[in-house]
Amino acid sequence: MFSTLRYVNQPALSSAAKSFINNGVAKRGMSIAALNGFEGKHFISIDRLSNEELRGLLDLSKKYRDTYGKGSSVDPLTAPKPLTGQSVSMIFQKRSTRTRVSTETGMTLLGGQSLFLGPSDIQLGVNESMRDTALVLSRFNSLVLARVFSHNDVLELSEHATVPVINALSDLHHPLQTLADLMALEDHFGDVKGKTLAWVGDGNNVLHDLMLGGAKLGMNIRVATPQGYEANEGILETTKKLAAENGTEDVFLTNVASEAVKGSDVVVTDTWVSMGQEEEYEQRVKEFDGYQVNADLMAQANPGAVFLHCLPRHPEEVSDEVFYSPQSLVFPEAENRMWTVMAVMAAQLGKM
């Protein structure tokens, strides 16, 4: 049976989504079994996952929602606690509501403990080398999660840590967000293979992993960015390769928002000014003129198209009319951050 859990602002599941979920429950055990080889692995970016591992993580996330979600009939006191005795240290160079709350709450639900390390608690590579930090935390904790400015910091942590590392965000990748996004889309549409995803905005870390993950699931990718704000060329090439391997259309690139959105089933945007770019605010808002996702832009998409935003959002990026509409999946998307990080942690520890 599919979960009866319903989200704020989410319409009832379509018949296609119900069928996909019912079939998925039957196959879920097989796909989760593909994660048996994931124990001890780092979670750095979506392209490092096999298609089977991506499928397994999404299905394990759904299993955890069915087990621990507010719509579950399972008693929280007697629910399985597979991560009892395990712990995760969470390094935060950049603040975040969703990443911290989802990880701490999710680890607690699974029976483990989490330790928050903010900028005042730990300064990566400043008072202590990255290598030493990785080696010390590995002695105390079962996992190390890092939300950092530079992707090189995540890579260096993973190089020296003797426990699995989770990239909770870097300037190049945001793989946890992509798991949450893809889960929300499958909850809504069912199978997303053949659906078209349009990105409108900055060619940033969120786009990078969403392109990679969408292509792995057989989605067509269309990207609109202002000139000078294009996605990383290397990641674009990897996405094109994945698109070819998974039988999707060629990745479509443009500098005109409406061209990307035309004929799409999913419209996604993100903040135009990321943390650390505050001094560029006025320039960026000017150069992103015409990129607001509003009713007129959504009208260019296919009937039934949905909207995603990883939050926090600003009114220049998306109008209230779209953000709070039935087309918007932003709040189930946000909730999924917890189920997906739970799946990653459990799979890395081989305790699913």
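Up top is the structure these notes are about.
Residues numbered from 1 in each chain as written. Predicted model: local features only at pLDDT ≥ 70, side-chain atom pairs only at ≥ 80, totals over all residues. Heavy atoms only, no water.

Quick question: what am I supposed to make of the environment of Thr 108 here?
Considering the arrangement of structural elements, one finds Thr 108 in helix α3 (residues 97-109). Residues Thr 108 and Leu 83 lie 25 residues apart in sequence; the distance between their C-alpha atoms is 8.7 Å. Separated by 2.9 Å, the side chain of Thr 108 and the backbone oxygen of Glu 104 make a polar contact. (Helix = DSSP H or I, 4+ residues; strand = E, 2+ residues; numbered from the N terminus. Polar contact = N/O pair within 3.5 Å; in protein donor to acceptor, adjacent residues only side chain to side chain.)

Could you clarify how one ought to interpret the packing of aromatic side chains in this entry?
Ring pairs (aromatic) are described by centroid distance and by the angle formed between their planes. A complete count under the given rule lists 7 aromatic pairs for this structure. When the ring of Trp 272 is compared with that of Phe 288, the centres are 5.2 Å apart and the planes differ by 20°; the resulting orientation is stacked. Linking Trp 272 in the loop between β8 (266-269) and α10 (281-287) with Phe 288 in the loop between α10 and α11 (295-298), this pair joins segments that are 16 residues apart in sequence. Here Trp 272 and Phe 288 have matching classes, each one buried. Linked through ring pairs, Tyr 229, Trp 272, Phe 288 and Tyr 291 together constitute an aromatic cluster. Here the basic side chain of Arg 100 rests over the ring of Phe 116, its NZ or CZ set 3.8 Å away from the ring centre. (Phe/Tyr/Trp six-rings, centres within 6.5 Å; stacked < 30°, edge-to-face > 60°. Buried < 20%, exposed > 50% of the residue type's maximum accessible area, 1.4 Å probe, protein only. Lys NZ or Arg CZ within 6 Å of the ring centre and 35° of its normal.)

I keep staring at the nonpolar core and nothing clicks. Help me out?
The nonpolar side chains of a soluble globular protein tend to be buried with one another. In this structure, Phe 43, Leu 57, Tyr 64, Leu 185 and Val 266 are the most contacted members of the largest nonpolar core, which totals 64 residues. When residues of this core are assigned to their parent elements, the largest contribution, 10 residues, is made by helix α13 (residues 330-349). Residues in contact with Leu 57, not counting those within four places in the same chain, are Leu 35, Phe 43, Leu 49, Leu 179, Ala 343, Val 344 and Ala 347. Counting residues in hydrophobic clusters, the runner-up holds 24 residues, among them Val 200, Ala 260, Val 293 and Leu 311. (Core = buried A, V, L, I, M, F, W, Y, C linked by side-chain atoms within 4.5 Å. Contact = heavy atoms within 4.5 Å.)

In this structure, what is going on with the sheet that holds strand β4 (residues 165-169)? I would like to understand it.
By way of backbone hydrogen bonds, the strands of a sheet pair with one another, either parallel or antiparallel. Pairing within the open sheet is parallel, and its 4 strands lie in the order β2-β1-β3-β4. Two strands lie at the open edges of the sheet, namely β2 (113-117) and β4, each paired on one side alone. Ignoring strand direction, the axes of neighbouring strands in this sheet form an average angle of 20°. (Pairing = 2+ DSSP bridges. Axes fitted to C-alpha atoms, helices over the stretch in contact; angles between N-to-C directions.)

What is the right way to read the pairing of β4 from this model?
β4 sits mainly inside the fold: 5 of its 5 residues count as buried. Sheet topology note: the strand β3 (residues 143-147)/β4 ladder contains 4 bridges and is parallel. Bridging from a neighbouring strand, Arg 147 pairs with Leu 169 of β4.

I'm lost on helix α8 (residues 233-245) in this one. Help?
Structural remark: α-helix, 3.6 residues per turn; residues separated by three or four positions point the same way. With 13 residues, α8 extends 19 Å from end C-alpha to end C-alpha; this agrees with the ideal 18 Å at 1.5 Å per step. Against the buried residues of α8 lie α7 (205-216) and β7 (252-254). Two or three places before Gly 234, at the start of α8, stands the capping residue Asn 232, its side-chain oxygen 2.9 Å from that residue's backbone nitrogen. Once α8 ends, the next one or two residues include Gly 247, with phi positive near 70°. (Expected span 1.5 Å × (residues − 1).)

Please explain the environment of Gly 304 as it appears in this structure.
Along the chain, Gly 304 falls in the loop between α11 and β9 (306-309). Along the backbone, Gly 304 and Phe 189 are 115 residues apart, and their C-alpha atoms lie at a distance of 9.8 Å. If near-sequence neighbours (up to four positions away) are discounted, Gly 304 is found in contact with His 188 and Phe 189.

It is not clear to me how the packing of α3 against α13 should be interpreted in this structure. Could you clarify?
Angle between the axes and distance between the axes: these two values describe a pair of packed helices. It is at 8 Å that the axes of α3 and α13 come closest, and there the two elements cross at 50°. Between α3 and α13, the angle falls in the class oblique. The handedness of the crossing between α3 and α13 comes out as right-handed. Contacts from Arg 98, Thr 99, Ser 102, Thr 103, Thr 105, Gly 106, Met 107 and Leu 109 in α3 reach Ala 334, Arg 337, Met 338, Trp 339, Val 341, Met 342 and Met 345 in α13. (Parallel < 35°, antiparallel > 145°, perpendicular 65-115°, else oblique. Left-handed = near helix turned anticlockwise from the far one by under 90°.)

Could you clarify how one ought to interpret the side chain of Glu 317 in this entry?
Position of Glu 317 relative to the elements: it lies in the loop between β9 and α12 (320-323). A distance of 3.2 Å separates a polar atom in the side chain of Glu 317 from a polar atom in the side chain of Thr 271. Residues in contact with Glu 317, not counting those within four places in the same chain, are Thr 269, Asp 270, Thr 271, Trp 272, Tyr 291, Gln 292, Val 293, His 309 and Pro 312.

How should I be thinking about the sheet that holds strand β6 (residues 220-224) in this particular structure?
Pairing is parallel across the open sheet formed by 5 strands, whose spatial order is β7-β6-β5-β8-β9. The two strands at the open ends of the sheet, each matched to only one other strand, are β7 and β9. Direction aside, the axes of adjacent strands within the sheet are offset by 20° on average. The sheet contact formed by β8 and β9 spans 4 bridges and is parallel. Of the residues in β9, the one forming a bridge with Thr 269 is His 309. Relative to the sheet, helix α6 (residues 175-189) contacts β5 (196-200), β8 and β9, its axis offset from that of β9 by approximately 160°.

From the geometry alone we can't say anything about function, so treat these as descriptive.
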